[in-house]
Amino acid sequence: MSPEPFIRIGIDIGGTFTDLQILDERSGALRSLKTPTTPEDPSIGLITGLNEAATRYGFGLADIRILLHGTTIATNAVLERRLAKGVLLTTAGFEDVLEIGRHSRKDIYGLKPHHDAPLIPRDRRLGVAERIRGDGAVERAIDPASIAPLLAQLDALGAEAVAICLLNAHVNPAHEQALAEAIRSARPELPLCLSSELSPEIREYERSSTTALNTLLMPVVGAYLQKLTGRLAEAGITARLLLVQSNSGVCSAEVASRQPARLLLSGPSGGALATLRMAESLQRPNLLGVDMGGTSFDICVVHEGSVTRMTQGEIDGLPVRLPMIEIRTIGSGGGSLASVDDAGRLRVGPRSAGSRPGPVCYGRGGTEPAVTDANITLGRLDPRFFLGGAMPLDAPAAEAAIAARIGAPLGLGTQQAAAGMLAVTDTNLAAAARLSLFEKGLDPREFSLLSFGGAGGLHAIPVAEELGVPEVIFPADASTFSAFGILHSDIMHDLTRSRVMPAIDENLPRVAGFLEELREQGDALLAADGVPAGDRRFNFSADLRYRGQAFELVIPWEAPAAEPAALAALLTAFHAEHARRFSYSNTAAPVELVALRLSATGLLARARTRRAPGAGADRKPEARRIWLGDAWREVPVHQREQLTAPISGPALIEEEYTTIYLAEGWHCAPGPDHTLIARRQSKGQTEALAA
């Protein structure tokens, strides 16, 4: 009899690299690996990474028990508009909801406001003669004779997927279900998405946008998952595959195929979960997690021990009415390209070199200099030890590109041009991080900065200096830290019942029915996932607002019950949160209940972990010239695996997949949980370290 599989792997596929965290559940050994992403088909890079990990760490592919997979495929498809040809079916007279949107202007001073075309054009938005009232009563039923002409229209339009979003379907989904049944009977191969199943909430525009976006992603993500599962089978991998969602939980491939919009923050949410775990283990309740990879810079704020979970997000200007962790992302990473615009200004990002061709120093045909090229030009990266020596870099090519494309147009030397690229980058990073704190009324000086991602270590200290953050924490295996968060995810389903009603005792019988429906649905979903009853957790919350307000606050309901005392406790929590957020509350004002929510969580088995040493433990200490200020300066280069005592900047700290730049005026020492903790140096500390 063959032994049970014992390998658990968290995978984060980014725009430049595919990161893996590999856990041997027998010994608890935790290891990391990094391999280039294959953008033409990310599943190729994933399989390559699994093969490399198996060879390097001595296990068979059949030994993999579970794969937890974060991916940017849904995000990239939206940003690049590589979407299916979809059709929207909506209530007659509401075909232009996507076009009308919300009457808000982000650029209030723009004389010619830009308005993106809707995802589904007008000729593919079809009205259905039906009507359900706001109380759920049927005002006009669907005429069965209208189905055949509707199917003919779908055929004529060449529909590759169909979104169904009818008026008030969140109250009564009967008409959406009837349409879906008719279409599935006649066109069983056609992907369908019902708003009442995906986002059963008020606000017609947001519900329509979310349903349309999900529908157009279904063929894209479905094709990727089909290809991935095929490659896994060919490789002899029978592991359970789970996909990371924007809410930091995971779901089955079947759920991801039906509801791919839940994957839009798939990768970054792993980093947010890892940041939250680090805040708990280090007892740092205020932690600013920043993830700088090859393509993007993601920011997550942990305040008072928790992250903000939103009921609605946005991608490329498109509202997505689904629960997700609050993460701010800008296009700034190691692969961000630098250029000089027509006005003679130096710009860095958001365009990225990606992994193909990548920065010039990769030697894969890139011609435009990127942030990584600037770092290697200034000596901050060792071209012999990139990816632990697996990928040597071409430093002369990077220098030549910076000299020609940045230095010459600006009249600067090569090193000055490279330093300018880094200064612009650090300013952009700090501005995004500052906004994430200031919009919440938070003071950067009360936070520690947690830096991770392959490029983060080289920029964390300058960003912290600009923000005024006094402490920077570098976790172990920082380059694959998001994959570490993914490795420790749990199955999660978010469910909603949206009904607007006064939050009064008289409505408690209705509330009781909704609570029971949510619990039964969550229990059934977790049972279908194979989660034992003892490992199921149910967390309820309620959307509340003062009558007359346009939007709500989501209030956790710790002890949900259809009892006056439980409702009173919920209202007290709402008034307190309203006062905290807006410096105002009115306990005498009537409160409305807008929605009830349930996060049904299935706990996955945990194993104790111990970090296995990475590469660099046998490398000899050395010194290297780096460009500081306006001159070359020789600084010590430490290997992270050998660092046991405090050191003082300027210095470099190298590990297998990343490098840390410790600026002058900072000191760094080993901390708990295999971290390195850098703080600003006082005069006395400087003298003590020098002695």
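Everything discussed here concerns the structure shown above.
In what follows, the accompanying structure is described. Remember, predicted model here, so these are calculated numbers, not experimental data.

Per the stated rule, a full pass over the model turns up 8 aromatic pairs. When the centroid spacing of 5.8 Å and the interplanar angle of 15 degrees are considered together, the rings of Phe481 and Phe484 count as stacked. Residue Phe481 and its partner Phe484 are both found in helix α14 (residues 481-487); the two are separated by 3 residues, about one turn of the helix. The pair Phe481 / Phe484 is uniform in exposure class, with both members buried. Members of the aromatic cluster, connected to one another through ring pairs, are Phe17, Tyr362 and Phe386. Between the NZ or CZ atom of Arg26 and the centre of the ring of Phe6, over which it lies, the distance is 3.5 Å. A cation sits over an aromatic face here: Arg380 above Tyr661, 4.2 Å from the ring centre.

At a minimum axis separation of 9 Å, helix α11 (residues 395-410) and helix α12 (residues 414-438) run at an interaxial angle of 80 degrees. One finds that α11 runs roughly perpendicular with respect to α12. Contacts between α11 and α12 involve Glu399, Ile402, Ala403, Ile406 and Gly407 from the former and Thr414, Ala417, Ala418 and Met421 from the latter. Here the contact of α11 with α12 is composed, by residue class, of 6 nonpolar, 2 polar and 1 charged.

The subject of this paragraph is the sheet that holds strand β5 (residues 86-91). Overall, parallel pairing links the 4 strands, which are arranged β6-β5-β9-β10 in an open sheet. A single partner strand is all that each edge strand has here, and the edge strands are β6 (125-128) and β10 (192-194). Ignoring strand direction, the axes of neighbouring strands in this sheet form an average angle of 20 degrees. Pairing geometry for β5 and strand β9 (residues 161-165), over 5 bridges, is parallel.

Conventions used here
The numbers attached to residues start from 1 for each chain and follow its sequence in the written order. Only residues with pLDDT of at least 70 are given local features in this predicted model, and only at 80 or more are side-chain atom pairs given and counted; all residues enter the totals for whole chains, interfaces and linings. Just so you know, side-chain values use all the structure's heavy atoms and leave hydrogens and water out. What counts as a ring pair is set by centres within 6.5 Å for rings of Phe, Tyr and Trp (its six-membered ring), and what kind of pair is set by the plane angle: stacked under 30 degrees, edge-to-face over 60, tilted for all other angles. Every helix listed is a DSSP run of H or I at least four residues long, and every strand listed is a run of E at least two residues long, numbered separately from the N terminus. The buried label goes to any residue with under 20% of its type's maximum accessible area, the exposed label to any with over 50%, and the partly exposed label to all in between, with areas taken from a 1.4 Å probe on protein chains only. Lysine and arginine charges are scored as sitting over a ring when NZ or CZ, respectively, is within 6 Å of the ring centre and within 35 degrees of the ring normal. Fitting a line to C-alpha atoms yields each axis, with helices limited to the stretch in contact; the angle taken between N-to-C directions then spans 0 to 180 degrees. Oblique is the label for any angle not covered by the other classes, which are roughly parallel (under 35 degrees), roughly antiparallel (over 145) and roughly perpendicular (65 to 115). Contact criterion: two residues are considered in contact whenever any of their non-hydrogen atoms come within 4.5 Å of each other. Throughout this entry, Asp, Glu, Lys and Arg are counted as charged residues, while Ala, Val, Leu, Ile, Met, Phe, Trp, Tyr, Cys and Pro are counted as nonpolar. The remaining residues, Gly among them, count as polar. For two strands to pair, DSSP has to find at least two bridges joining them.

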